[in-house]
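The chain contents come next:
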Amino acid sequence: MTVRMNVGALDSAISAVEELANDIANARTACINAVPYRGPSLPSLTGGSVTVTAPEWLREQKTDPLGVVLDLARLLDTDGEGEVVWTGSTDGSIQDIKEELGRQIAARAEDLEDIESSEDLDEFLETLELLDTYADDPDVTGAFVNAIGPEGLNRLIQQAGSMTGPYADYPNPNGIYEDSSYGEEFERVVAMQDTLAETLSQSVATASLAGKLPSDFGEEFVRGGDPRSAAILFDYAARGGHEFGSEFLVSAGDALIEWENGEGGMYWSNFSGSDQQFGTADMDALRDPTVAWMEALSLSTDGSQEVLLDTDRAAYLLERFSPMEDVEGAAAGKVLQTATIDQALDPGTHGRDAATISSWAIEHFGGDAEPLDGIKEELGGIVATYIRDVDRVSYDLESAAGSGIYGPGDVPPGTMGGDGFPPYGIRLDRGALANLLGDIGDNDSAVSIVGGAASRLNSVRLDEAIGLVAEDPAPSGSIGTDDPLYNAARNNGSFTGFLYDNMLQGDIASAQGDAEQRQRMAELLLLPADAVKLPGGPVGSYVIGQIKREVTNEFVGDGVSDTIAESNHAYDDIMSFTQMQALESLVFSDEDIPMGDLAEVWPGAADGDPVPMSELTNEDRTAIINTVRSGGQDYATAVRNGVDDGRDDLVQQYGRP
């Protein structure tokens, strides 16, 4: 089909559209203003009426389709005559015109290799600006990326990089510049490199996410040139937040892994990185394109999960060391977080795959594999996310291996369900879990993440038990070991102790001589999750469970009185803290539950509500514990006894300091 386009007529049409939109908007405003106070309503001028929506709709037409046709006409009008005829469209649809526009932009992008002057650079920048205008349009970008192809994409990035290298033809350090100095032109080229890489990464992301590229495009791109071209594309995509399609990402990643395991064997890590500049990119960091690829991969849920569901590939990437990373394994950790923690609450396939990958990760790193620092933080996040399953295994001495993945809405045996918990449980082996906790115990962020989640789960467990007791309280003097609130407190004590012991990488007795390490672990476990910061934000973002009140580590940090704890060991600090948490849940509950003198001895605020535990003085805590320890058959005594018995359960397994 033949399409005739007139640049002048299109300009006039776009101007007329804008005028019409303004006229409609102004006329509507004039009519509304002319209606007297309490005058008649004019429904045709309000709500979703044509007079309201028409101006916006008309202005959209200025960009698409009129602006698209005008941009194509200007590209085709190489003679400057103002009128062109284009033949080759299937039916003259706007999609056909967009695809031709993408192909025309691709043809002009090849002019990068012909830049010999400031004017040539201006023309190329105009091409980049046009591509940037349509970087979010899959029809234009799909046609553009396919037109330049994998090799052309490589060539564009390499040519741009060479312009700031030691042997650049333009700008040549030895050349003579009439209109600008070498330094000014060099800076323009550096800025152009940024623009090119940003626009290319966004365009490829748009096209690949829309399924506009061949299935092997990523693979061919990686194999088609300098590996730093791939590193640059992925680096700028990650920095710009541009998500690639999973098919493109997976094929590119497989090619990178194959390449670095070939005869050269990661030879790119030997690149000097300082022989040239490419925009604002860190050339040293770009010496490892697989790391840059993983940074981009972490923006894609589908891509991250597809990669990590292949356990061989997952093991390779998550254990892979790169000297280019400030934190070892940081990029792989981001991929792991995207595939697991970020999707754990999804009730569909993503949630199921998150549980599957999490199960494998705990088993894998709970075995012989040693996690890197960047992986430890995310493993802590996984443990925190699936804290209810960790809790189940902590006091179940039988191995839970082979228990399987639970279905949506199902609750694994012995654990609690409810809002805020993943709909899919994970497969856990107690031995592997214990080993994993030992592995991540030297990472402060991981310990705090797990401790925050455990504290939240303990509060949820207490709140649920308080509700059950309120419905059916035990008669005075008959609170036994089958009471829900006693059992909740007992499980809390046992669970917190289990985490503490295993994160110290040995039984309780073995850590007796290292008081500083024991105290550090206690403080980290009881630290409020939101108080610890990670590069991606507060640790609290990892924690899935809910809690009514935040708790702090002040109780441990103040130096616990001998009247509060049997000894000043960190292990007893943790148990005393767990007791105070249980007592706080009681005193803050609105239920009519027998709690002895607890409500009277617990200080009140000016508004009459109890003072939060974090605001209690050491003397307040001493008085509270002493009151509860005076004996009795109330629920305050029951929760104190429950925590003590939970500690004793653990001591029987691990020993006593």
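Residues numbered from 1 in each chain as written. Predicted model: local features only at pLDDT ≥ 70, side-chain atom pairs only at ≥ 80, totals over all residues. Heavy atoms only, no water.

Draft legend 1. Just the overall build of the protein chain, in detail. Counting secondary structure elements, the protein chain contains 26 helices and four strands. A buried classification covers 53% of the 657 residues belonging to the protein chain. At a minimum sequence separation of 6, the contacts of the protein chain that also span at least 24 residues come to 76%. Only carbon and sulfur atoms are counted for the fraction: they give 46% of the accessible area of the protein chain, which is about 27,700 Å². (Helix = DSSP H or I, 4+ residues; strand = E, 2+ residues; numbered from the N terminus. Buried < 20%, exposed > 50% of the residue type's maximum accessible area, 1.4 Å probe, protein only. Contact = heavy atoms within 4.5 Å. Areas by Shrake-Rupley, 256 points an atom, 1.4 Å probe, with all protein chains shown as cover.)

Draft legend 2. Main features of helix α25 (residues 618-629). Across its twelve residues, α25 extends 16 Å between first and last C-alpha, which sits within 8% of the 16 Å expected from 1.5 Å per residue. Residues Asn618, Arg621, Thr622, Ile624, Ile625 and Val628 constitute the buried set of α25. The arc enclosing the buried residues of α25, seen along the axis, measures out at 165°, which places them on a common side. (Expected span 1.5 Å × (residues − 1). Arc of directions from axis to C-beta.)

Draft legend 3. Layout of the packing of aromatic side chains. As enumerated under the stated definition, the model contains five aromatic pairs in all. Measuring from ring centre to ring centre gives 5.6 Å for Phe234 and Phe244, while their planes differ by 80°; the resulting arrangement is edge-to-face. With Phe234 in helix α9 (residues 227-240) and Phe244 in the loop between α9 and α10 (246-260), this residue pair connects regions lying ten residues apart in the sequence. Using a relative accessible area of 0% as the deciding quantity, one classes Phe234 as buried. Both rings, one in Tyr236 and one in Phe278, keep their centres 6.2 Å apart while their planes meet at 70°; by these two values the pair is edge-to-face. Of this pair, Tyr236 sits in helix α9 while Phe278 is found in the loop between α10 and α11 (289-297), placing the two residues 42 residues apart along the sequence. Residue Phe278 is classed as buried on the basis of its relative accessible area of 1%. Seen from the ring of Tyr236, Arg239 lies directly overhead, with NZ or CZ sitting 4.2 Å from the centre. (Phe/Tyr/Trp six-rings, centres within 6.5 Å; stacked < 30°, edge-to-face > 60°. Lys NZ or Arg CZ within 6 Å of the ring centre and 35° of its normal.)

Draft legend 4. Representation of the packing of helix α1 (residues 7-34) against helix α3 (residues 66-76). The interhelical angle for the contact between α1 and α3, taken along N-to-C directions, is 155°, at an axis separation of 10 Å. The angle between the axes of α1 and α3 places the two elements in the roughly antiparallel class. When the axes of α1 and α3 are compared, the crossing they make is left-handed. Seen from α1, the contacting residues are Val7, Leu10, Asp11, Ile14 and Val17; seen from α3, they are Leu66, Gly67, Val69, Leu70, Ala73 and Arg74. Here the residues of the contact of α1 with α3 are counted per class, giving eight nonpolar, one polar and two charged. (Axes fitted to C-alpha atoms, helices over the stretch in contact; angles between N-to-C directions. Parallel < 35°, antiparallel > 145°, perpendicular 65-115°, else oblique. Left-handed = near helix turned anticlockwise from the far one by under 90°. Nonpolar A, V, L, I, M, F, W, Y, C, P; charged D, E, K, R; others polar.)

Draft legend 5. Just the nonpolar core, in detail. If you look at the biggest cluster of nonpolar residues, it comprises 128 residues, and the most contacted ones within it are Phe234 and Phe244. Setting aside its immediate chain neighbours within four residues, Phe234 contacts Phe244, Phe248, Leu249, Ala252, Leu256, Ala292, Trp293 and Ala296. (Core = buried A, V, L, I, M, F, W, Y, C linked by side-chain atoms within 4.5 Å.)

Draft legend 6. Geometry of a negative patch on the surface. Taken together, the side chains of Glu110, Asp111, Glu113, Asp114, Glu116, Glu119, Glu123, Glu126, Glu129, Asp132, Asp136 and Asp169 present a region of like negative charge at the surface. If you trace the backbone, Asp132 turns up in helix α5 (residues 118-133). (Patch = residues over 30% accessible without salt bridge, like charges linked within 9 Å, V, L, I, M, F, W, Y side chains within 5 Å. Salt bridge = Lys/Arg side-chain N within 4 Å of Asp/Glu carboxyl O. Lys, Arg positive; Asp, Glu negative; His and termini not counted. Charge placed at Lys NZ, Arg CZ, Asp CG, Glu CD.)

Draft legend 7. Spatial organisation of the pattern of salt bridges. Across all of its chains, the model carries 19 salt bridges by this definition. The salt bridge involving Asp137 is made with Lys98; its shortest N-O contact spans 2.9 Å. Of this pair, Asp137 sits in the loop between α5 and α6 (138-162) while Lys98 sits in helix α4 (residues 94-109); the two residues are 39 residues apart in sequence, bridging distant segments of the chain. Asp137 gets classed as buried once you look at its relative accessible area, which sits at 13%.

Draft legend 8. The arrangement of the environment of Phe498 in detail. By the element assignment, Phe498 lies in helix α20 (residues 484-503). Taking C-alpha positions, Phe498 is 9.8 Å from Leu437, a pair spaced 61 residues apart along the chain.

Draft legend 9. The environment of Asp122, seen in detail. Here Asp122 lies in helix α5. Asp122 gets classed as partly exposed once you look at its relative accessible area, which sits at 33%. Separated by 70 residues in sequence, Asp122 and Met192 place their C-alpha atoms 9.9 Å apart.

Draft legend 10. Inspection of helix α15 (residues 349-365) at higher detail. With 17 residues, α15 should reach 24 Å at 1.5 Å per residue; the first-to-last C-alpha distance of 24 Å fits that figure. Along its buried surface, α15 packs onto α12 (301-309), α13 (311-319), α14 (330-339), α16 (373-385) and α18 (430-440).

Draft legend 11. Quick peek at the environment of Leu437. Relative to the helices and strands, Leu437 is located in helix α18. With a relative accessible area of 0%, Leu437 lands in the buried category. Dropping the residues within four chain positions of it, Leu437 is found in contact with Val383, Phe498, Leu499, Asn502 and Met503.

Draft legend 12. Just the side chain of Ser208, in detail. If you trace the backbone, Ser208 turns up in helix α7 (residues 182-209). A polar contact of 2.9 Å, which involves the side chain of Ser208, links it to the backbone nitrogen of Gly245. Look past the residues within four positions of Ser208 in its chain and what remains in contact with it is Leu213, Phe244, Gly245 and Phe248. (Polar contact = N/O pair within 3.5 Å; in protein donor to acceptor, adjacent residues only side chain to side chain.)

Draft legend 13. The confidence of the model for the protein chain, seen in detail. Overall, the predicted model of the protein chain reaches an average pLDDT of 79, with 79% of residues at or above 70. Scored below 50 in pLDDT, residues 413-417 makes 15 contacts in the model with residues more than four places away or belonging to other chains. (pLDDT = per-residue confidence, 0-100.)

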